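# Notes for the structure review
Next come the chains, spelled out residue by residue.
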Amino acid sequence: MPSPTRWAGRLLPLVLLVVWLAVGGGLGPYAGKLGEVATNDQAAFLPRSAESTRVIEAQRAFRQDETLPALVVWTAPGGGPIDAGQRSAATRALATLTGVPGVVGTPSPALPSEDGEALRGVVQLRPDLGEELAPTLGAIDRAASTVPGTTVWLAGPAATQADLSDAFAGIDGLLLAVALVTVLLILLLVYRSVLLPLVIILGAVFSLGLACAVVYVLADHDVLRVDGQVQGILSILVIGAATDYALLLAVRYREELARHAGDRVPAMRAALRQSVGPITASAATVALGLLALLFSDLTNNRALGPVGAIGIVCAVLSALTFLPAVLVLLGRAAYWPAKPRSSESEGGGHGVWRRVAALVDRAPRKVWAATLAGLLACAAFAPALDSRGVPLDEIFVNDAPSVAAQQTLGRHFPGGAGNPAVVIAEAGALAEVTSAAAGVEGVDSATAVTASGRPGAGAPLVVDGRVRVDVTLADAADSDAAKDTVARLRTAVHAVPGAEALVGGYTAQRYDTQRTAERDRMLIVPVVLAIILVILVGLLRSLLLPLLLVATVALNFVATLGVSALVFEHVFGFTGTDSSVPLYGFVFLVALGVDYNIFLMSRVREESLRHGVREGVLRGLTATGGVITSAGVVLAATFAALGVIPLAFLVQIAFIVAFGVLLDTLVVRSLLVPALVRDLGRTAWWPGALSRRSGPDSPAA
């Protein structure tokens, strides 16, 4: 009769499986509902302490709440002139929009361009329209289309936001489907097992459903904010991480099944005993690295931190509970038609990794010197990566209506027309501030806002002793030239005595976002490195080796930026990179890159305690080479799936993380790190017990 312990060993997996099936059935649908609480209102993600954010608060005192401008442009087919009748018809069409749901105040009249070939009007919309934005823009388009003999274009932030919403439409289904199919195909090809890939995918889906449910509740209660970018990254991060952790445990369990002659429960206990430490340490590096984003002053960065950390916790929870339960219940059948085998006999592992280990053992110094030289060569191009932002006409990687409309607007009007810089100043200094603003290089005009809400139509509006001046810039509102103009404008109006002037508006917001992103990188990068170093010291019981590992993953990141700079410019045709991309790339690459080094070096330490340091490096590399490489390929493929969303930001993140993970997996973890540790010998483990181990191990001659 089976003992109570054996009964418990069989019953616990069944209970865990039932619990996870309930979680999957009850919370799984949340993976497709997160878009209901996501917002793509870019104004909600401004730097909290920036000057442009303070201007938004100051504008509310004028009873002119923050609005989202929609710019209506009329042109004649073939580039002909616009006549007076068409101008009058356009003004009447705009007037009919007063009182339309979503429209704020009275639209401007239609104003002609200097070349006489276009008309422009501004319709201010509520910034929180959400799903009602598209119908509101549709109403504007229908009204504007009543002007005979013209073509209508909708430009400005409102049109851009509508195109962003279209780009993110269906992100739950499309992105998830691409990622899961990619992972499934890779697992089937690599492991040639029927059930194992399905079990791993199911665990990843369950963990994503749990993560999305938690994030949904928090976002619904305004505890955190979620936008389409954070939503997409969460899906990819959870699928990739859950698969990686599951692969590490599943392969170790396969080894233990062979050692324990197929006895499932003892084999799983042994597998968990050796895998829990590396998996939890790896998850901790990613989760804490993401939480370091809470130091950011950008609200969407701060949102990604806890959202991503929640996803990682759910991924590791699934890998350490759901997967062990299913594997114990399935036993050898999980790997059918392959047979479980130990990687310990004759060095174990695949022949490729035995040859790699032999190369590292034979010429460690040549191996690490050659790989280091290659990485440094790639890193030399990193300064060429321009992270000052993506121009408006490159935000979308496909043809978006708002981009074509903005280009049409720029051909006929000053670049900043309809989207001015906003200056709030003391009323007593109005004349001096207006004069100072108008005299700034790159400014087309500067006019005080009147009681009618429009510049130049009556006496200036004074609220609590403050006035507002709208400054039209000569260059496109999203251009680097316009941002430079904002910097000069701030210098000019700040110098006016007693004005206490603040400069905000769309261009100022982009400028502040760029500056804040630069400040965030300077603060968060060392914090993440310090977190990772502390975790590695605790896991590996060494100081020198963790320093080497952190240095190698940092070098891998810089080398990836160098390659990305070349690819973005010469292959993708990007002239700029989103200001948040380097920070996101750093957090993902460094935290995830350390994951693979943790998997490798924890196994090396385990083998070194048994067989000595030199043999431990070779056995650890051989035993983990296949699983870590396949995990890296899976993670790279899942992040590459972000490229299906037609936004430059996500395409850039997808390339940086996918390429960086492959570079780390195939070069840094497979060659550079093992060769360095082999060359240093026991010294690499200083000052831990392995560095004082007696025996033949010593630094390679």
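Structural notes, computed from the coordinates. This one's a predicted model, so the numbers in the text were calculated from it and none came from an experiment.

Calculation notes
Residues numbered from 1 in each chain as written. Predicted model: local features only at pLDDT ≥ 70, side-chain atom pairs only at ≥ 80, totals over all residues. Heavy atoms only, no water. Helix = DSSP H or I, 4+ residues; strand = E, 2+ residues; numbered from the N terminus. Buried < 20%, exposed > 50% of the residue type's maximum accessible area, 1.4 Å probe, protein only. Contact = heavy atoms within 4.5 Å. Areas by Shrake-Rupley, 256 points an atom, 1.4 Å probe, with all protein chains shown as cover. Axes fitted to C-alpha atoms, helices over the stretch in contact; angles between N-to-C directions. Parallel < 35°, antiparallel > 145°, perpendicular 65-115°, else oblique. Nonpolar A, V, L, I, M, F, W, Y, C, P; charged D, E, K, R; others polar. Core = buried A, V, L, I, M, F, W, Y, C linked by side-chain atoms within 4.5 Å. Pairing = 2+ DSSP bridges. Left-handed = near helix turned anticlockwise from the far one by under 90°. Salt bridge = Lys/Arg side-chain N within 4 Å of Asp/Glu carboxyl O.

## Let's talk about the overall build of the chain
Summing up its helical and strand segments, the chain has 20 helices and eight strands in all. Within the chain, buried positions represent 58% of all 701 residues. Considering only contacts within the chain whose residues lie at least 6 apart along the sequence, 80% involve residues at least 24 apart. For the chain, the exposed area adds up to about 27000 Å²; of that, 62% sits on carbon and sulfur atoms.

## Notes on the packing of helix H2 (residues 51–60) against helix H16 (residues 506–540)
For the pair H2 and H16, the least separation of the axes is 8 Å and the interaxial angle reads 140°. Taken together, the axes of H2 and H16 are oblique relative to one another. On H16, the residues touching Glu 51, Ser 52 and Ile 56 of H2 are Ala 508, Gln 509 and Asp 512. For the contact of H2 with H16, the residue count by class is two nonpolar, two polar and two charged.

## So, the nonpolar core
In terms of nonpolar packing, the biggest core is built from 160 residues, with Tyr 245, Ile 312, Leu 327, Phe 588, Met 601, Phe 639 and Trp 685 touching the most fellow members. Residue contacts for Tyr 245: discarding those within four places in its chain leaves Ile 279, Ser 282, Ala 283, Val 286, Ile 312, Ala 315, Val 316, Ala 319, Asp 595 and Phe 599. Among the nonpolar cores identified, the runner-up in size contains 28 residues, and Leu 94, Val 103, Leu 137 and Ile 140 belong to it.

## Side note on the sheet that holds strand E2 (residues 111–112)
Here we have four strands laid out as an open sheet, ordered E2-E3-E1-E4, and antiparallel in their pairing. Among the strands making up the open sheet, the edge pair consists of E2 and strand E4 (151–155). With five bridges joining them, strand E1 (residues 68–75) and E4 adopt antiparallel strand pairing. Within E4, the position partnered with Leu 71 by the bridge is Ala 155. Most of the contacts of helix H4 (residues 133–144) go to E1, to which it runs at about 30°, and overall it touches E1, strand E3 (118–125) and E4. The strands that helix H13 (residues 401–412) touches are E1, E3 and E4; relative to E4, the one it contacts most, it runs at about 105°.

## Considering the packing of helix H7 (residues 195–220) against helix H8 (residues 228–259)
Each pair of packed helices gets described by two things: the angle between the helix axes and the distance between those axes. Two elements in contact, H7 and H8, have axes separated by 9 Å at closest approach and are oriented at 140°. Here H8 runs oblique to H7, going by the angle between their axes. Helix-helix and strand crossings are classified by hand; for H7 and H8 the assignment is right-handed. Seen from H7, the contacting residues are Leu 196, Ile 200, Ala 204, Val 205, Ser 207, Leu 208, Ala 211, Cys 212 and Val 215; seen from H8, they are Leu 234, Ser 235, Val 238, Ile 239, Ala 242, Thr 243, Ala 246, Leu 247 and Ala 250. The class makeup of the residues in the contact of H7 with H8 is 15 nonpolar, three polar and no charged.

## Quick notes on the pattern of salt bridges
In total, this model carries 17 salt bridges according to the counting rule given. A salt bridge links Asp 361 to Arg 678; its shortest N-O distance comes to 2.7 Å. Taken together, the residues Asp 361 in helix H11 (residues 351–362) and Arg 678 in helix H20 (residues 648–680) connect sequence positions 317 residues apart. Pair check on accessibility: Asp 361 and Arg 678 agree, each one buried. We note a salt bridge from Arg 365 to Asp 679, for which the minimum N-O separation is 2.8 Å. With Arg 365 in helix H12 (residues 364–379) and Asp 679 in helix H20, the pair connects residues that are 314 residues apart, well separated along the chain. Its relative accessible area of 44% is what places Arg 365 among the partly exposed residues. Of the residues examined, Asp 679 reaches a relative accessible area of 8% and is grouped as buried. Each of Arg 252, Glu 255, Glu 256, Arg 259, Arg 603, Glu 606, Glu 607 and Arg 610 takes part in one network of salt bridges that share partners.

The values are spatial; any link to function lies outside them.
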